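Chain residues, written in single-letter form:
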Amino acid sequence: MAITERVFSGVQPTGNLHLGNYLGAIVNFVKLQETHNCVYCVVDMHAITVPVTVWGGPDELRRNTREVTAAFIASGIDPAKQIIFNQSQVSGHAELAWVFNCVARLGWLNRMTQFKEKAGKDRENASVGLYDYPVLMASDILLYRATHVPVGEDQKQHLELCRDIAQKFNNDFSASIAAQGHDGNYFPMPEPVITGAATRVMSLRDGTKKMSKSDASDNSRINLTDDADTIAQKIRRAKTDPEPLPSEEDGLKTRPEADNLVGIYSALADRPKSEVLREFGGAQFSGFKTSLADLAVEKLAPIAAEMKRLTGDPGYIDQVLTDGGDRARAIANETMNAVRDIMGFIHKR
Ligand code: TRP
């Protein structure tokens, strides 16, 4: 079977979705559905790689899985046209991960910077799952033979690992792949799709720190569930410097807070930063903040309201996930049967 273009991406159900998740990921997911078949996965199996005290246990996991699903739908992803599901429903993710565990090398995983960051000093106490996280991620993508993966900068290294795994698999089993009648590269080399002005949304209290769900100050982030008043208030309180806005992008270089707010405006308005600065250059922050607050409320408040409505109907959300799971499984089963044949695993046809 020839490789066709397909988008895959995953979001962890870790709670407190914020503007960074929206502008960095979900907005792009919405755009890509115009041009591609898309599979959007709530990666619950990745969520449990941290200690249970961190991921919060079964009730939290269910709640957070439904919240991400609601955010997808409320933001405009059409669950009838695209596939939205949670990872653990399709056993192929774990099965393919085992095969890839035997393809990936320890040396490759030892280079992963995210593991080093997340494991911290006490590496002996990190779960085996956290170490293996990038292999499961490669399985997510390649189980659907996806060609395009919208991700943030921080996931680029994991995507490179995914390509290395695909390449080594294709290479190690090239004879068997050919014998099974597939063209040379059974697995595609998935490409990152990194777009949007604000792929990195920073904290509203400190323009040098990423906006984060775990920041102690709720004023540092705009949650996707914040109502209009809260959104406007957080923007009014956002940290700035005393200078008026510059008229050129160069003038933002040493001004992280100004840069962040202009970036957020630009992303929400879907207009380049240069254009935003042509409009607001020379203006004081107070006026710009009013315009930004209006824009943010216009774009985000309806999403918050729709998320609230959707999470109030968990039966509907679960139906979307199980229906998506069925459609995902159909694609996954094809890949897994091919992989079984390629590996020499005897199976029922
Ligand atoms: N690791 C990704 C993140 O934390 C989530 C993820 C899991 C993912 N599997 C994926 C992203 C596959 C893209 C493709 O953001």
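Remember, it's a predicted structure, so these values are computed and weren't measured experimentally. (Residues numbered from 1 in each chain as written. Predicted model: local features only at pLDDT ≥ 70, side-chain atom pairs only at ≥ 80, totals over all residues. Heavy atoms only, no water.)

Engineer: Go over the side chain of S266, please, and point to the residues and values.
Structural biologist: Position of S266 among the secondary structure elements: in helix α12 (residues 256-269). Separated by 2.8 Å, the side chain of S266 and the backbone oxygen of R271 make a polar contact. (Helix = DSSP H or I, 4+ residues; strand = E, 2+ residues; numbered from the N terminus. Polar contact = N/O pair within 3.5 Å; in protein donor to acceptor, adjacent residues only side chain to side chain.)

Engineer: An account of the pattern of salt bridges is requested, with residue identities and associated values reported.
Structural biologist: Pairing between side chains of opposite charge can happen when their charged atoms approach one another. Throughout the structure, instances matching the rule amount to 21 salt bridges. The closest approach of N and O atoms between D241 and R255, which form a salt bridge, is 2.7 Å. Residue D241 is located in the loop between α11 (228-236) and α12, and its partner R255 is located in the loop between α11 and α12; the two are separated by 14 residues in the primary sequence. The closest approach of N and O atoms between R349 and D341, which form a salt bridge, is 3.0 Å. A relative accessible area of 78% places R349 in the exposed class. (Salt bridge = Lys/Arg side-chain N within 4 Å of Asp/Glu carboxyl O. Buried < 20%, exposed > 50% of the residue type's maximum accessible area, 1.4 Å probe, protein only.)

Engineer: Could you give an account of the domain arrangement of the chain, naming the residues involved and the relevant values?
Structural biologist: Domain boundaries assigned for the chain yield domain 1 (6-199 + 313-343) and domain 2 (218-309). Computed over C-alpha atoms only, the centres of domain 1 and domain 2 are separated by 31 Å. Taken together, both faces of the contact between domain 1 and domain 2 bury some 1300 Å²; the carbon and sulfur share is 73%. At the junction of domain 1 with domain 2, the criterion picks out one salt bridge. Here K31 makes a salt bridge to D270, at a shortest N to O gap of 3.8 Å. The interface formed by domain 1 and domain 2 includes two residue pairs in polar contact (both at pLDDT 80 or more). Secondary-structure elements contributing two or more residues to the side of domain 1 that touches domain 2 are α1 (19-32) and α4 (58-75). For the side of domain 1 that touches domain 2, the per-class residue count stands at ten nonpolar, three polar and three charged. (Domains from an automatic or database assignment. Buried area = accessible area lost by both parts, 1.4 Å probe. Nonpolar A, V, L, I, M, F, W, Y, C, P; charged D, E, K, R; others polar.)

Engineer: Outline the environment of G76, listing residues and values.
Structural biologist: The residue G76 is located in the loop between α4 and β3 (83-86) in this model. Overall, G76 belongs to the partly exposed group, its relative accessible area being 36%. Through-space distance from the C-alpha of G76 to that of I26 is 9.2 Å; in sequence the pair is 50 residues apart.

Engineer: Explain the site of the ligand to me, and be specific about the residues and the numbers.
Structural biologist: In the neighbourhood of the ligand, 13 residues make up the surrounding shell, with G10, Y133, M137, D140 and Q155 lying closest. A distance of 2.9 Å is found between a nitrogen atom of the ligand and a side-chain nitrogen or oxygen belonging to Q155. Calculation on the ligand without its partners gives an accessible area of 360 Å², and the protein chains cover 88% of this total. Of all the secondary structure elements, the ones that give two or more residues to the shell around the ligand are β1 (6-11) and α8 (128-143). (Near = heavy atom within 4 Å. Areas by Shrake-Rupley, 256 points an atom, 1.4 Å probe, with all protein chains shown as cover.)

Engineer: Could you give an account of the packing of α12 against helix α14 (residues 285-311), naming the residues involved and the relevant values?
Structural biologist: Pairs of packed helices are described in terms of their axes, by the angle between the two and the distance that separates them. It is the contact of α12 with α14, at a shortest axis distance of 10 Å, that shows an interaxial angle of 40°. Considering their axes alone, α12 and α14 lie oblique with respect to each other. Judged by the twist between their axes, the crossing of α12 over α14 is left-handed. Between α12 and α14, the residues in contact are A258, L261, V262, I264, Y265, L268 and A269 and F285, F288, K289, S291, L292, L295, A296, K299 and L300, respectively. (Axes fitted to C-alpha atoms, helices over the stretch in contact; angles between N-to-C directions. Parallel < 35°, antiparallel > 145°, perpendicular 65-115°, else oblique. Left-handed = near helix turned anticlockwise from the far one by under 90°. Contact = heavy atoms within 4.5 Å.)

Engineer: Tell me about the packing of aromatic side chains, and please be specific about residues and values.
Structural biologist: In the structure shown here, the tally under the stated rule is 15 aromatic pairs. When the centroid spacing of 5.0 Å and the interplanar angle of 70° are considered together, the rings of F169 and F187 count as edge-to-face. Here F169, found in helix α9 (residues 156-172), pairs with F187, found in the loop between α10 (174-179) and β5 (191-193); they are 18 residues apart in sequence, far enough to count as distant. Take F169: its relative accessible area is 0%, and that puts it in the buried class. Overall, F187 belongs to the buried group, its relative accessible area being 0%. Put simply, the rings of F100, F169, F173, Y186 and F187 touch in pairs and so form one group of aromatic residues. Above the ring of Y186, the side-chain terminus of R145 is found at 4.3 Å from the ring centroid. (Phe/Tyr/Trp six-rings, centres within 6.5 Å; stacked < 30°, edge-to-face > 60°. Lys NZ or Arg CZ within 6 Å of the ring centre and 35° of its normal.)

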